[in-house]
Amino acid sequence: MLDVTRLRVLVAVARHGSVTAAAHALNYAQPSVSHHLARLEAETGTKLVQRAGRGIRLTDAGRLLAERAVEVIGRLDAAENELVVFAGLRAGRLRLAAFPSALGTIVPTAAAILHDRHPGFDLRLTEAEPPEALRMLRAGYVDVALIFRHEADDGGARRAVLSNGADAGADPLADDGPPAVADHDDLRELVLLSEPVHLIMPDTAVCGGEPPLAPAVTELWPADLARLSDQRWIAGCDRCREHLLRQCAYAGFTPRIAFTTDDFVAAQALVTAGLGVTLLPGLALRAARNPGVRTARLRGTSRSVVAVRYGEAPDPPATALLLDALRAAVGAPGRSESVSRPDPASVTALPEPAAAPVA
């Protein structure tokens with residue numbers, strides 16, 4: 001049986017790069033760190049560290065064990081916190097990882113609700129894009145990962161493609177799906193909301209110049225993006241960039257991406273400066289909308305916001321309280337559980353008016 005304290009020492013050495021720095025981080029004496037490393041090597045029968053100049057570095061075996069130790073320690077810390085709650089103690093720790101536009105909208109409201117209802121809980125927030133949030137969840141660093149994924153609205157995108165004479169055999173409904181959730185039954189999902197995606201253009205009434213689309217256009221279909229094929233585009237994070245490329249592919253062109261930023265405030269500033277157009281979800285506009293931008297709803301696609309938890313049901317009491325606060329923050333009336341893609345019926349329904357004509 002490996003000693004958890006020695007595993008923590010190994011992780012600290014891997015993280016900080018030296019015995020001295022690890023001792024400082026752990027508030028240990030330097031000889032104590034060296035002793036724990038030596039004992040861990042004796043326990044495993046494997047060389048875990050080796051000298052490199054005046055310092056040390058982990059061997060391949062040491063790096064492998066340190067990576068596994070991060071997961072083990074994270075899960076142990078999570079279990080300790082859950083047992084505190086189960087034991088009936090009033091205080092508890094909750095850890096949430098969320099992407100930026102959620103941190104600027106849903107999360108503060110949920111945090112306020114949780115504080116009002118259960119002031120004894122300590123909610124800790126971390127900003128992370130979906131892939132990193134899921135890694136943190138699996139490692140036990142957070143209790144809930146708030147992620148997003150782009151969805152194709154059933155029927156909307158296909159009607160748009162067929163009505164514009166594109167290849168009817170190409171299926172535009174296969175959007176980018178859940179990031180690494182569907183392949184792992186140890187992760188469970190709660191769909192909180194489905195939000196619209198918008199084309200973001202400069203408001204010519206504010207910024208001047210020629211409008212990319214006629215002012216009367218407030219909605220369009222992916223195929224209508226072909227009218228913007230000569231525009232420069234602003235791409236977001238990796239998943240948002242993939243979504244942009246997919247929507248433009250439906251319209252039959254590859255966008256000329258001039259700028260890439262995952263900062264939705266910066267993206268809007270670039271738009272108002274006349275440097276391009278972009279796609280942004282509703283939460284980004286709720287978090288911070290630049291008065292110099294004009295929007296048009298992109299039909300046939302939406303973005304789901306999903307709360308992901310680790311382990312089998314039921315959720316620990318503290319996690320359940322956090323989920324209740326998140327649902328209250330978005331006004332979600334019920335639960336929608338899944339270990340793969342959610343049933344469309346579980347997502348907030350969106351109206352489907354006829355597409356506005358594009359000038």
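Refer to the structure presented above.
Procedures and definitions
- Residues numbered from 1 in each chain as written.
- Predicted model: local features only at pLDDT ≥ 70, side-chain atom pairs only at ≥ 80, totals over all residues.
- Heavy atoms only, no water.
- Salt bridge = Lys/Arg side-chain N within 4 Å of Asp/Glu carboxyl O.
- Helix = DSSP H or I, 4+ residues; strand = E, 2+ residues; numbered from the N terminus.
- Buried < 20%, exposed > 50% of the residue type's maximum accessible area, 1.4 Å probe, protein only.
- Phe/Tyr/Trp six-rings, centres within 6.5 Å; stacked < 30°, edge-to-face > 60°.
- Contact = heavy atoms within 4.5 Å.
- Patch = residues over 30% accessible without salt bridge, like charges linked within 9 Å, V, L, I, M, F, W, Y side chains within 5 Å.
- Areas by Shrake-Rupley, 256 points an atom, 1.4 Å probe, with all protein chains shown as cover.
- Pairing = 2+ DSSP bridges.
- Disulfide = S-S within 2.5 Å.
- Polar contact = N/O pair within 3.5 Å; in protein donor to acceptor, adjacent residues only side chain to side chain.

As for the pattern of salt bridges
Under the defined criterion, the tally for this structure stands at twelve salt bridges. Close ionic contact of Asp60 with Arg63 constitutes a salt bridge, the shortest N to O distance being 2.1 Å. Residue Asp60 and its partner Arg63 are located together in helix α4 (residues 60-86), separated by three residues, close to a single helical turn. Accessibility expressed as a relative area gives 58% for Asp60, which makes it exposed. Given the relative accessible area of 41%, Arg63 is considered partly exposed. Among the salt bridges present, the one from Asp324 reaches Arg327, with a minimum N-O distance of 2.2 Å. Separated by three residues within a single helix, Asp324 and Arg327 lie in helix α13 (residues 317-330), roughly one turn from each other. On the accessibility criterion, Arg327 (11% relative accessible area) is buried.

Let's talk about the packing of aromatic side chains
All chains considered together, the criterion is met by two aromatic pairs. Relative to Phe148, the ring of Phe99 lies with its centre 5.0 Å away and its plane at 80 degrees, an arrangement referred to as edge-to-face. Separated by 49 residues along the polypeptide, Phe99 in the loop between β3 (92-98) and α5 (100-103) and Phe148 in strand β5 (residues 144-152) bring together distant segments of the chain. With relative accessibility at 2%, the residue Phe148 sits in the buried group. Ring plane angle 40 degrees and centroid distance 6.4 Å describe the contact between Trp233 and Phe253, whose orientation is recorded as tilted. You can see Trp233 sitting in strand β8 (residues 232-235) and its partner Phe253 sitting in the loop between α10 (238-250) and β9 (256-260), a full 20 residues away along the chain.

Some points on the environment of Leu114
Topologically, Leu114 is positioned in helix α6 (residues 106-117). The exposure class of Leu114 is buried, given its relative accessible area of 3%. In this view, Leu114 contacts Leu94, Pro119, Leu123, Leu321, Leu322 and Ala325; residues no more than four positions away in its chain are not counted.

Digging into a nonpolar patch on the surface
A grouping of Val4, Val72 and Leu76 is seen on the molecular surface, where their side chains present a nonpolar patch of about 200 Å² in accessible area. In this structure Leu76 comes out as partly exposed when scored by relative accessible area, which is 41%.

Topic: the pairing of β8
Taken together, the four bridges between β8 and β9 define a ladder with parallel strand orientation. The partner of Arg232 across the bridge, within β9, is Arg256.

Topic: the state of the cysteines
Counting across every chain of the model gives zero disulfides. Here Cys240 is not cross-linked by a disulfide; its sulfur's nearest cysteine counterpart is in Cys237, at 3.1 Å. In this structure Cys240 comes out as partly exposed when scored by relative accessible area, which is 23%.

Some points on the side chain of Thr105
Here Thr105 is to be found in the loop between α5 and α6. There is a polar contact of 2.6 Å between the side chain of Thr105 and the backbone oxygen of Ser101. Once residues lying within four places of it in the same chain are set aside, the contact partners of Thr105 are Leu283, Arg286 and Ala287.

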